[in-house]
Amino acid sequence: MNLPHSHNIVTVDLAALAANFRLLQKRAGKNVQLMAMVKADAYGHGMLEVAQALAVEGCCHFAVAELVEGVCLRQAGIKGQILVQLGCELSDIQFLFDYDLTPVVVSQVMLRLLSRAAVDNGLVLDVHLKVDCGMGRLGVSPHEIDEYVNLFSDLPGVRLSGVMSHFPRADDPHSNQSREQFQEFRTVCQQVQKDHDAICHIANSGGLLYFTETCGDLARPGISLYGYYPGGVQAFEQVPEDRLTPAMRLETQVVQVKAVAAGTGISYGHTFVTSRPTRIAVLPIGYSNGYLRRLAGQAQVLISGQRVPIVGRICMNLCMVDITDCPDVAIGDTVVVMGRQGDEFISADEIASWMESISYEVLCLFGNNNERRYLNRLDEKE
Ligand SMILES: *Cc1c(COP(=O)(O)O)cnc(C)c1O
């Protein structure tokens, strides 16, 4: 059905995404496979569109959080390996076989259930084992590795084809923790590889960019694919053409312009009161669009190529900006919430700093709460 468009449009440039993929592949080296992290609807960029664009670039490993995401990728025709990081409910095990998905296992109970289901299906299921080498999150302890190695050898229907771990501090190039953790992971991998033909992977974007030697067989970039550096800054020298390009942009538009007198309260609670005769532009974007309330008093947007401040509380679908210094603003003008306009640029990192968060959260909030459009889609002429 043909539906009207939203005032708020997220634009995802698939060519930027493809270029980032090529840069990361170059940095990792041609012997390293890249597994694209497309969980959370590809960090708000749209899982199916992103996976399709990366598949064209030769990407043949994808990882999602939930089983349902893996099923959607397959239904959209995505080939190659799809790793399901959170395993699945007992009642959903059959999906793994029907859609050829690779589960990550963190318990013996689950492993035994998978083995039984595989035997029932007359199939052998590839499984990756997640080891907690210091992240303090999901994964079995390195002390349990021998038990798992033996269990995989004993159980029919399951093949230990991968061992994985995760870095808690790879976004910090100056911390030694990632190197230490990598040593521990290597020990685990050697233990496994004595008995099983498993690949090893630990590197996220920070690992790939800052500790490239940790890539091993396969690296799992997420945020860098979408054009941002983990930790918020590019922490090493790069020639400009080797820089990642942010793929997402968020625009809204002016729905009303008004002139108010000095001493006028703006928005709920009148937390902002004008101190001079002021021109206010009303924008049709608010916290339901991921433009969070806590951005009030901090955030700026771009109008006519200039930065202007948000004033007063951010509402569910509305917020206000002070445009007294931008005399030409009119109803219908494009407002850039995130992205470039003229010489100015507002990045997800800058917005994240206003809300004491990280670019990841900004991208998820904007991308997953607004209408998305795509640039440079292969199957469409722009
Ligand atoms: C999300 C995720 C990644 C990607 O991390 P980035 O910092 O976005 O590169 C890698 N590995 C695992 C297990 C993840 O959950």
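Keep in mind that what you see is a predicted model, and the values were worked out from it rather than measured.

## Quick look at the UniProt feature "binding site: substrate" (unreviewed entry) in the protein chain
And step 1. Per the UniProt record, "binding site: substrate" (unreviewed entry) is annotated on Arg137 and Met316. Over a stretch of 180 residues, the named residues are scattered through the fold, their C-alpha atoms separated by up to 33.9 Å. Those annotated residues from the list above that line the largest pocket are Arg137.
And step 2. Relative to the helices and strands, Arg137 is located in the loop between β6 (125–130) and α7 (145–154).
And step 3. If we ignore the near neighbours within four places in the chain, the residues touching Arg137 are Lys130, Asp132 and His166.

## Quick word on the side chain of Ser175
And step 1. Along the chain, Ser175 turns up in the loop between β7 (158–164) and α8 (177–193).
And step 2. Reaching out from Ser175, the side chain makes a polar contact with the backbone nitrogen of Gln177 at a distance of 3.0 Å.
And step 3. The contacts of Ser175, once residues within four sequence positions are left out, are Arg169 and Phe211.

## As for the domain arrangement of the protein chain
And step 1. Taken as a whole, the protein chain is organised into domain 1 (13–238) and domain 2 (248–346).
And step 2. For domain 1 versus domain 2, the distance between C-alpha centres works out to 41 Å.

## Topic: the site of the ligand
And step 1. Close to the ligand lie 14 residues, the nearest being Lys39, Tyr43, Ser205, Ile223 and Tyr360.
And step 2. A distance of 2.6 Å is found between an oxygen atom of the ligand and a side-chain nitrogen or oxygen belonging to Lys39.
And step 3. A distance of 2.5 Å is found between an oxygen atom of the ligand and a side-chain nitrogen or oxygen belonging to Ser205.
And step 4. When each cavity is represented as a set of grid points, the ligand is found to reside in the largest pocket.
And step 5. Here the residues of the shell around the ligand sort into five nonpolar, five polar and four charged.

## Section: the UniProt feature "domain: Alanine racemase C-terminal" (unreviewed entry) in the protein chain
And step 1. Following the UniProt record, one finds the feature "domain: Alanine racemase C-terminal" (unreviewed entry) at residues 247–375.
And step 2. What you have in residues 247–375 is 13% helix and 40% strand, and the ends, taken at the C-alpha atoms, are 10 Å apart.

## Let's talk about the packing of aromatic side chains
The geometry of an aromatic ring pair is captured by the separation of the ring centres together with the interplanar angle, meaning the angle of the planes.
And step 1. The full count for this structure, using the stated rule, is four aromatic pairs.
And step 2. Ring centres 6.2 Å apart and planes at 35° place the aromatic pair Tyr291 and Phe366 in the tilted group. With Tyr291 in the loop between β14 (278–283) and β15 (300–303) and Phe366 in helix α11 (residues 359–368), this pair connects stretches of sequence that are 75 residues apart.
And step 3. On the basis of relative accessible area, Phe366 is assigned to the buried category, the value being 1%.
And step 4. Members of the aromatic cluster, connected to one another through ring pairs, are Tyr43, Tyr226 and Tyr360.

## Notes on the environment of Val163
And step 1. With respect to the helices, strands and loops of the structure, Val163 is situated in strand β7.
And step 2. Relative accessible area serves as the criterion here: at 0%, Val163 is assigned to the buried category.
And step 3. Spatially, the C-alpha atoms of Val163 and His128 are 5.4 Å apart, while their sequence positions differ by 35 residues.
And step 4. In this structure Val163 touches Leu129, Val131, Phe185, Val188, Val192, Ala198, Ile199, Cys200 and His201, once residues within four positions along its chain are discounted.

## Examining helix α4 (residues 67–75)
And step 1. Within α4, burial applies to Leu67, Glu69, Gly70, Val71, Leu73 and Arg74.
And step 2. Buried residues along α4 sit in contact with α2 (39–43), α3 (47–56), β3 (61–64), β4 (81–84) and α5 (93–98).
And step 3. Immediately downstream of α4, the backbone of Gly77 shows phi near 95°, a positive value.

## Comments concerning the nonpolar core
And step 1. Judged by nonpolar contacts, the single largest core of 122 residues is most densely connected at Val38, Tyr291, Val301, Met338 and Phe366.
And step 2. Element by element, the count of residues in this core is highest for helix α1 (residues 14–28), at seven residues.
And step 3. Residues from two domains meet in this core; each of domain 1 (13–238) and domain 2 (248–346) gives at least three.
And step 4. Filtering out sequence-adjacent residues up to four positions away, Phe366 remains in contact with Val10, Met248, Leu250, Asn289, Gly290, Tyr291, Val337, Met338 and Ile351.

## Digging into the layout of surface pockets
And step 1. Each pocket or cavity is described by its volume, and for the largest pocket that value is around 690 Å³.
And step 2. Secondary-structure elements contributing two or more residues to the lining of the largest pocket are α2, α9 (205–210), α10 (348–354) and α11.
And step 3. Sorting elements by how many residues they give to the lining of the largest pocket places α11 first, with four residues.
And step 4. Counted by class, the lining of the largest pocket contains 17 nonpolar, ten polar and eight charged residues.
And step 5. In this structure, the second largest pocket encloses a volume near 410 Å³.
And step 6. Lining of the second largest pocket is provided by 22 residues; of these, Tyr228, Leu244, Thr245, Pro246 and Phe345 occupy positions nearest its centre.
And step 7. Residue assignment for the lining of the second largest pocket shows that the elements contributing at least two residues are β1 (9–13), β10 (248–253) and β18 (334–341).
And step 8. Looking at the lining of the second largest pocket residue by residue, the class counts come to ten nonpolar, seven polar and five charged.
And step 9. Each of domain 1 (13–238) and domain 2 (248–346) gives at least three residues to the lining of the second largest pocket.

Rules and cut-offs
- Residues numbered from 1 in each chain as written.
- Predicted model: local features only at pLDDT ≥ 70, side-chain atom pairs only at ≥ 80, totals over all residues.
- Heavy atoms only, no water.
- UniProt positions renumbered as here; feature names shortened; annotations may be inferred.
- 1 Å grid on protein atoms, 1.4 Å probe; cavity = no way out; pocket = protein on both sides within 12 Å on 5 of 7 lines; lining within 4 Å.
- Helix = DSSP H or I, 4+ residues; strand = E, 2+ residues; numbered from the N terminus.
- Contact = heavy atoms within 4.5 Å.
- Polar contact = N/O pair within 3.5 Å; in protein donor to acceptor, adjacent residues only side chain to side chain.
- Domains from an automatic or database assignment.
- Near = heavy atom within 4 Å.
- Sits in = over half its atoms within 2 Å of the grid points.
- Nonpolar A, V, L, I, M, F, W, Y, C, P; charged D, E, K, R; others polar.
- Phe/Tyr/Trp six-rings, centres within 6.5 Å; stacked < 30°, edge-to-face > 60°.
- Buried < 20%, exposed > 50% of the residue type's maximum accessible area, 1.4 Å probe, protein only.
- Core = buried A, V, L, I, M, F, W, Y, C linked by side-chain atoms within 4.5 Å.
- Points joined across faces, edges and corners; volume = space filled by probe spheres on them.

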